[in-house]
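Here are the chains, one letter per residue:
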Amino acid sequence: MPSTVRERDDAVAWDVASSARRSRVAGVTMAGFRDRGMAPEGHRLIPHPAVTLALDLGAGPPVVEDVAGRQHRGSLVAGVGLGGAVWVRGQDIACVQVRLSPVVARAILGVGPAELDGCVVTLDDLWGRQASRIGEQLGEVSSWQDRFALIEALLARRREAGSPVEPEVAWAWHRIVVSRGLVRVERLAAELGWSRKRLWSRFHAQIGLPPKRAAKLVRFDHAVHRLAAGHDAAGVAADGGYADQSHLHRDVMEFAGVTPAAVAHEPFLAVDDVAWPSHGTPDQPGAPDRAHVA
C-alpha cells in the first residue's frame with residue numbers, strides 16, 4: 001500500500017509504494033515514487049550497490065544530473081553505485097524505481113554493468129523502441145501493484161532470454177553482500193580456488209566493479225543506513241569495519257560528497273524504510289555454495 005513519507009525537516013512529502021509481495025524475479029526489488037513538492041535544487045541520490053532502473057510514468061519527467069554534470073530525462077539506467085552521488089530535479093515526478101542485483105543486471109538489461117561503468121544512460125539508448133512501449137503500457141494501468149506486475153513480467157522474460165554471470169562470480173558477490181562488505185578479497189579468491197588476479201578480472205568484467213571496490217560500496221551502504229537510523233558516527237565506524245571515524249568520513253565523502261552528519265538527513269535515505277523495507281541489496285538467492293564452485 002502507498003505510504004506518505006515526510007522528510008525529517010518536513011520540507012517535502014513523498015508518496016511511496018512498495019510491492020505487496022517479494023518479486024518472483026530473483027535479484028529484483030522495486031518501489032513506486034511520487035513527489036509532492038520537491039525543492040528547486042532537487043535531491044541527491046545516494047550511491048547504492050545495485051544497478052538502478054527508473055521507469056518514468058510521464059507525470060513530470062525527472063531530470064537527473066550525473067557526476068559529470070550531464071543531464072538526462074525520462075526513463076533511465078544507472079550503473080552500480082551510480083558512478084557517485086547524482087542529483088534529481090523536477091516537479092510532480094512519478095516513477096517506478098527498480099534495483100537490479102549486478103548478478104542479474106546483464107541478463108535483464110542486455111548489457112553488463114561493466115559496460116555502464118557507473119554512468120547514467122537513457123533506457124531508449126539501451127532498448128530503443130521497447131522502452132517507449134513500456135512507457136505506453138505503464139500509462140494504461142493506474143495502480144502501483146498492477147505496474148509492479150507488468151514490470152516484473154517484462155523483467156522475467158528478459159532474464160529468461162539473457163546470459164547469466166558465472167556461478168563463481170555470483171557466489172563472490174553474494175559473500176560480499178552477506179558479509180556487509182567485510183570479507184577480504186584474498187579470502188574469496190582462496191575459497192574459490194582462484195588467483196586474486198583471476199577473481200579481479202572475472203568479477204570486474206561481470207559485476208562492473210573490482211571486488212574490493214564492491215565491498216567498499218556495500219560497507220558504505222550499510223553505514224549510511226545506520227547513520228540515517230540515528231546511530232552515531234563513532235559507533236557506525238566501529239561496527240562497520242572502519243579503522244576509525246576518519247576512515248568512515250573519507251568513504252562517505254568519496255561516495256556521497258557530504259559528511260556523515262549530513263548524509264544522515266538525505267531525503268532518499270529517509271524514505272528507504274518504506275520503499276525497501278529490508279534495506280537489502282538485491283541479491284541472488286540460491287547462490288551456489290563453495291562446494292559447488294571451488
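Residues numbered from 1 in each chain as written. Predicted model: local features only at pLDDT ≥ 70, side-chain atom pairs only at ≥ 80, totals over all residues. Heavy atoms only, no water.

**Student:** Got a sec to walk through helix α4 (residues 129-139)? Specific residues and values, please.
**Tutor:** A131, I134 and L138 are the residues of α4 that are buried. Looking down the long axis of α4, one finds its buried residues gathered within 55° of arc, a one-sided arrangement. Taken together, the buried residues of α4 touch β5 (51-56), α3 (123-127) and α5 (144-161). (Buried < 20%, exposed > 50% of the residue type's maximum accessible area, 1.4 Å probe, protein only. Helix = DSSP H or I, 4+ residues; strand = E, 2+ residues; numbered from the N terminus. Arc of directions from axis to C-beta. Contact = heavy atoms within 4.5 Å.)

**Student:** Please set out unusual backbone geometry residue by residue, giving values where relevant.
**Tutor:** Despite not being glycine, D92 has its phi angle at roughly 55°, a positive value. Looking at the secondary structure, you find D92 in the loop between β9 (86-89) and β10 (94-100). Located in the positive-phi region is R180, a residue other than glycine, with phi close to 60°. Relative to the helices and strands, R180 is located in the loop between α6 (167-178) and α7 (185-192). Judged by relative accessible area, which is 49%, R180 ranks as partly exposed.

**Student:** Outline the sheet that holds β9, listing residues and values.
**Tutor:** Spatial ordering of the open sheet is given by β4-β9-β6-β7, a layout of four strands whose pairing is antiparallel. Two strands bound the open sheet, and with one partner strand each, they are β4 (43-45) and β7 (71-73). Taken pair by pair, the neighbouring strands of this sheet meet at an average axis angle of 30°, ignoring direction. Note that β4 and β9 share three bridges and pair antiparallel. Looking at the pairing, R44 lines up with W87 of β9. (Pairing = 2+ DSSP bridges. Axes fitted to C-alpha atoms, helices over the stretch in contact; angles between N-to-C directions.)

**Student:** Quick rundown of the confidence of the model for the protein? Include the residues and the values.
**Tutor:** Regions with low pLDDT carry predicted coordinates that are not meant to be interpreted in detail. Residue-level pLDDT values for the protein average 86, and 90% of them are 70 or greater. Taken element by element, the protein is modelled with least confidence in helix α15 (residues 290-293), mean pLDDT 34, and with most confidence in α6, mean pLDDT 97. Across residues 284-294, confidence stays below pLDDT 50; counting only partners more than four residues off in sequence or on other chains, it has 24 contacts. (pLDDT = per-residue confidence, 0-100.)

**Student:** I'd like to hear about the pattern of salt bridges, residue by residue, with values.
**Tutor:** A side chain of one charge can pair with a side chain of the opposite charge if their charged atoms are brought near each other. This structure, assessed with the given rule, holds 17 salt bridges. As a salt-bridge pair, E254 and K216 come within 2.8 Å of each other at their nearest N and O atoms. With a gap of 38 residues between them, E254 in helix α11 (residues 245-256) and K216 in helix α9 (residues 211-228) connect regions that are remote in the sequence. Judged by relative accessible area, which is 39%, E254 ranks as partly exposed. If you follow the salt bridges from partner to partner, you end up with R213, K216, R219, D251 and E254 in one network. (Salt bridge = Lys/Arg side-chain N within 4 Å of Asp/Glu carboxyl O.)

**Student:** Can you explain the packing of α6 against α9? Please cite residues and give values.
**Tutor:** Helix-helix packing is described using two parameters, namely the angle between the two axes and the distance between the axes. At a minimum axis separation of 9 Å, α6 and α9 run at an interaxial angle of 30°. Note on packing geometry: the crossing formed by α6 with α9 is right-handed. In contact with W173, I176 and V177 of α6, α9 contributes P211, A214, A215 and V218. Split by residue class, the contact of α6 with α9 holds seven nonpolar, no polar and no charged. (Left-handed = near helix turned anticlockwise from the far one by under 90°. Nonpolar A, V, L, I, M, F, W, Y, C, P; charged D, E, K, R; others polar.)

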